[in-house]
Each structure stands twice: as C-alpha cells, then as structure tokens.
Amino acid sequence: MAQGFLTGLMGSQPLFSAEQARRRARRRMPRIFFDNVDGAAGNEAANHLNQAELAQIRLQPRVLLNVAERRVAKTFMGREWGLPFGIAPMGMCNTTWPGADRMLARQAVKSDIPVGLSTAASSSLEDMQAWSDGRAWFQLYVGQSHEVAFDLVARAERAGYETLILTVDVPEIAARRRDLENGLKVPFYMGPRQFLDFACHPRWSIETLIQGKPALANFPSDGPGAFRREESRAGTDWAFLKQLRERWPKTLIVKGVMSVEDAIGIKAAGVDAIYVSNHGGRQLESAPAAIRLLPLIRAALGADYPLIFDSGVRGGEDVLKALALGADYVMLGRALLFAIGADGARGLAGLVDALAAELSVAMAQLGLCDLEGVDGGILFSG
C-alpha cells in the first residue's frame, strides 16, 4: 500500500525528460513489460550506442540574432505537421499501460503529428485510424504468408490509411535476453513469477482487468492467419517489395534501412521515403549507431529524397541533430512509452510538451526561428 501511495504521488509530478519518465515507468509497470520496452538485442550494446553517439554530437551556438518568434512545425511529405517528431510504430503498447494506443492516438491529434500502428498492435488498425483522425500510419510486418500480409494492406486501404510502412529489418527475431529471463511469450503465459510481478503492481493489474487483457488486435487468436512472434520474416525480399509497390497506390515507406546500397535500391524501386533505423538496437547488437548511417544515406540519395529517422532519440536536441544530419522527419518510440508507463495520458502529454519546449529553446540558442532551413551548419565541427 505504501509503495502504491508513493508511486501515485510521484506520478502526479510533471515529466521533464525521457530519463525521468523511464525511472518512474520502471517503478509503476510490471517488470516483464518494462523490460520488454527498455530492452534490446543481446547485451544491449546497440541501444546504448545509439544514445551515446547522439550525445557526442555538438551543436554550434549563435548570438545576436532575433529569435523571439519561433515555429516548431515541420513540413514533410507535402503536409505541415505540428512538430518535427512523431510516434514510431510499436507493438502491443497496451501492455505498457491499459489504453496506451488510444492515448497515443489522442496525443497525435492534440499535437498534430503522425502515429505509427504496428501489425503487432493491441488495437485494430480501423480503431487507430479513427482515434487519430486520419493521422495513423500502418506498419506492415510480413511473415511467411504473403496472402495474410496483402489482406492487411487491403484492410489499411479500406480504413483510409494514406501511408504504409514496410519494416524490413526483422528477418528473424533477435534474442532479447530480458524477455527470455522474464518468460515473455506470445501467446502470454502466466506462471508464478508473472503472477507475483503483477501482484506487486496492483494499479496496472486492476486497470488491465477493467479494460481487458491486451491481445493482438489485427489477427485471429489461432489458425492459419494467427500472428506468431517467432515466425520467420525472411521472405520480405526485393520481389515482395515490387509486388507491394504495385498494389499500394499511396505513400510507401521502407523502415529499418542501415545500408547505403540498400537505400539506393529501395529508392530505385519507387518507394516514397526511407526510414533510417536500427530498430532501437533491438535486432543486431553489433549494428552501428543509426545516426552514423543517416548522413551517408542522405549523401547517396540526394538532398530532396524524403528520409525519416529513429533510434536513440530521447530529447529535443536529439531531434535537431537528426534533422541537421539529413532527416526530414524524426520518430520517437521508447521515450513515449516510458511517459505512458510513468503517468498515463498525462505523462505522455507532459513529455511531448517538454520535448517541444526543449527543441524550441535549443533553436533559440542556435539562432533559428524555424526548422525549414536546418542543415549541417548548426553542427560544431571543430
């Protein structure tokens, strides 16, 4: 009882940073689900490297410029968004806190930003599109059945999605040791250890009982069309990309690109935008930091080809660094789930506001009034 009371008091305080949100989420969430969000492949070196490499990048302050009026809106793919960062697609968000998907969708409306919905989401693609007032982007994972994948694509088109994200960096699920140690499986198994974990987090457990157990919302629970987390996705190849491009008439983005050679081929295949990401370090532990590949891919594809970036982004200055190194738009994942785990919708709104404020203050320090002209000139190169 004392722990729950103290947690409630901590949750009532505003959030100022992603790390603060992470600390609070760790106390409030069941360990099995906190570790699933926080963890990464192997010993998690790639996840730590993403953040370390971004932290090493220095920005060049400027003075004596009138920056009293600043705009944080960003134009991307022919539309102006309220912020230069959106919500990355993430699976089973409702395990973070009951109703998390709807919180993310409502925040997308409030901030006028895109929100990704994973194939492995805990809410249906139709609901997410409605909740977000058309701001949702559907992220497609392709298992061994291309027929199931194209059925999902057809559903997304019927639901009114304008943007489809094909994720290509998960040919096989990497071993995430925290998940293995905690016994996280799909379908979920409730053993004594998991029961004790939930019992130690009564607020999460009670809310989950009230709202219903999180489950994969875009697949049948069993049978040939059921989602299998460990299923091979190695059939997502160049031939499939060609088929998808022919079938999907709207905006197509390919996510998980970490190779200049691959990026050139994907652009040549008629894809509308590339999403540079190493999956937040959750796939290949020895992968380089995604931010190191971003300027190389930008140089190879030219100045006008649309690029999205994620992996390691935790603050407003990180967003500016990614924009300066070639991104046209930035997505955040873990940080926003930590905010929900820390304090639900209030935590999410507080962190988004804090990141936007940090971004605006950094712009003032750099002599920027808007984001349209951000380039390598804001980086310190000494």
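Parameters at a glance
- Residues numbered from 1 in each chain as written.
- Predicted model: local features only at pLDDT ≥ 70, side-chain atom pairs only at ≥ 80, totals over all residues.
- Heavy atoms only, no water.
- Helix = DSSP H or I, 4+ residues; strand = E, 2+ residues; numbered from the N terminus.
- Buried < 20%, exposed > 50% of the residue type's maximum accessible area, 1.4 Å probe, protein only.
- Contact = heavy atoms within 4.5 Å.
- Right-handed = clockwise from strand over helix to strand, strands pointing away.
- Arc of directions from axis to C-beta.
- Phe/Tyr/Trp six-rings, centres within 6.5 Å; stacked < 30°, edge-to-face > 60°.
- Lys NZ or Arg CZ within 6 Å of the ring centre and 35° of its normal.

Draft legend 1. Summary view of the side chain of Thr 163. Inspection of the secondary structure assignment puts Thr 163 in strand β6 (residues 163-167). Note on Thr 163: relative accessible area 8%, which makes it buried. Aside from chain neighbours lying at most four places away, what touches Thr 163 is Trp 137, Phe 138, Trp 248, Thr 251 and Ile 253.

Draft legend 2. Highlighting the pairing of strand β4 (residues 115-118). Here β4 shows two buried faces, one formed by Val 115 and Leu 117 and the other by Gly 116 and Ser 118. Remark: the β4/helix α6 (residues 125-131)/strand β5 (residues 136-140) crossover connection has right-handed handedness.

Draft legend 3. The arrangement of helix α9 (residues 192-199) in detail. Listed as buried for α9 are Gln 194, Asp 197 and Phe 198. Along α9, the residues classed as buried sweep out an arc of 95° about the axis, all on the same side. Those residues of α9 that are exposed and aimed more than 90 degrees away from the buried face are Pro 192, Phe 195 and Leu 196.

Draft legend 4. Spotlight on the packing of aromatic side chains. Per the counting criterion, the structure on display carries nine aromatic pairs. Each ring, one from Phe 33 and one from Trp 204, has its centre 5.5 Å from the other, and the planes form 35°; the classification is tilted. Of this pair, Phe 33 sits in helix α3 (residues 31-38) while Trp 204 sits in helix α10 (residues 202-211); the two residues are 171 residues apart in sequence, bridging distant segments of the chain. Judged by its relative accessible area of 8%, Phe 33 falls in the buried class. Its relative accessible area of 4% is what places Trp 204 among the buried residues. Centroid distance Trp 81 to Trp 137: 6.1 Å. Interplanar angle 80°. Geometry classified as edge-to-face. On the criterion of sequence distance, the pair formed by Trp 81 in strand β2 (residues 79-81) and Trp 137 in strand β5 is long-range, its members being 56 residues apart. A relative accessible area of 6% places Trp 137 in the buried class. Sitting over the ring of Trp 97, Arg 28 keeps its end group 3.8 Å from the ring centre. When the ring centre of Phe 150 is taken as origin, the NZ or CZ atom of Arg 247, which lies over that ring, is 3.8 Å away.

Note that all results are geometric; they support no functional claim without further evidence.
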